[in-house]
Amino acid sequence: MAPELKIRMEEELVVKKVKRRPAVLILRDGCDPRKMATRISGIGARPNPNFHIFAPIVSLREEDNLGNDYPQPFMDKVVAAELPEFIHLPAEGTAIKKESMAVLTQLQSHTEKAIEETDSAPAQDYLGTALETFWQDLEGQIMQ
């Protein structure tokens, strides 16, 4: 039996699950569409950017947790850039400690308060090429 929380009917219970995970910045300075609409309509102030869009990074290999690695044929395809929805990220020692991938099909928005910047960054041309390939793949799927 789970323990009960002793709160009154008028009290609020806010439950948040927080997980610190590295992510690749995809879009900077997103803003609320309602605020943008009022600004474009001439009835509101310029909206302040309030979130950024990230692709979460997940480990391909778990050294201390054997059996949870992705299958080798899948990892080979990620490394060879044959799967456009995944960007291969080799271990670089600081923010990305294990061979990993950024998952473009699970984009997330986070506010400024939830972000901690690191010194790590994929090369701009590498990220740009991966995003272009991903976009072309999406267009191909939509057109089918």
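Along each chain, residues carry numbers from 1 onward, in the same order as the chain's sequence is written. Where local features are concerned, this predicted model is filtered to residues with pLDDT of at least 70; where side-chain atom pairs are given and counted, the filter is 80 or more; whole-chain, interface and lining totals use all residues. To get the side-chain values, all heavy atoms of the structure are used, and hydrogens and water are removed first.

Visitor: It is not clear to me how the packing of aromatic side chains should be interpreted in this structure. Could you clarify?
Guide: In this description, a pair of aromatic rings is defined by centroid distance and the angle of the planes. Each Phe, Tyr or Trp ring (for Trp, its six-membered ring) is paired with any other whose centre lies within 6.5 Å, and the angle between the two planes then decides the class: stacked below 30 degrees, edge-to-face above 60, tilted in between. Inspection of every chain in the model, using the stated rule, returns two aromatic pairs. Ring geometry for tyrosine 70 against phenylalanine 74: centres 5.3 Å apart, planes inclined by 35 degrees, an arrangement best described as tilted. Exposure categories follow from relative accessible area, calculated using a 1.4 Å probe and restricted to protein chains: below 20% of the type maximum is buried, above 50% is exposed, and the middle band is partly exposed. A residue is classified by how much of its surface remains accessible, and tyrosine 70, at 33% relative accessible area, is partly exposed.

Visitor: Teacher, can you tell me more about the environment of phenylalanine 86 here?
Guide: Counting from the N terminus, the helices are the DSSP runs of H or I reaching at least four residues and the strands are the DSSP runs of E reaching at least two. Looking at the secondary structure, you find phenylalanine 86 in strand 3 (residues 86-89). On the accessibility criterion, phenylalanine 86 (17% relative accessible area) is buried. Spatially, the C-alpha atoms of phenylalanine 86 and phenylalanine 134 are 8.4 Å apart, while their sequence positions differ by 48 residues. Only heavy atoms matter for contacts: two residues are in contact if any of them lie within 4.5 Å across the pair. The residues contacting phenylalanine 86, other than those within four sequence positions of it, are Phe74, Val78, Met101, Ala102 and Val103.

Visitor: Can you help me understand helix 2 (residues 72-79) in this one?
Guide: Within helix 2 the residues assigned to the buried category are Phe74, Met75 and Val78. Angularly, the buried residues of helix 2 cover 95 degrees about the axis, an arc narrow enough to put them on a single face. Looking at the buried residues of helix 2, the elements they touch are strand 3 and strand 4 (100-103). Directly after helix 2, the chain includes alanine 81, whose backbone phi takes a positive value near 60 degrees. Each C-beta atom gives one direction from the helix axis, and the arc is the one those directions make.

Visitor: When you look at the environment of alanine 23 in this model, what are you seeing that I'm missing?
Guide: Mapped onto the elements, alanine 23 comes out in strand 1 (residues 23-30). Contacts of alanine 23, omitting those with residues within four sequence positions, involve Phe54, Ala55, Pro56 and Ile57.

Coordinates in, geometry out; function isn't part of it.
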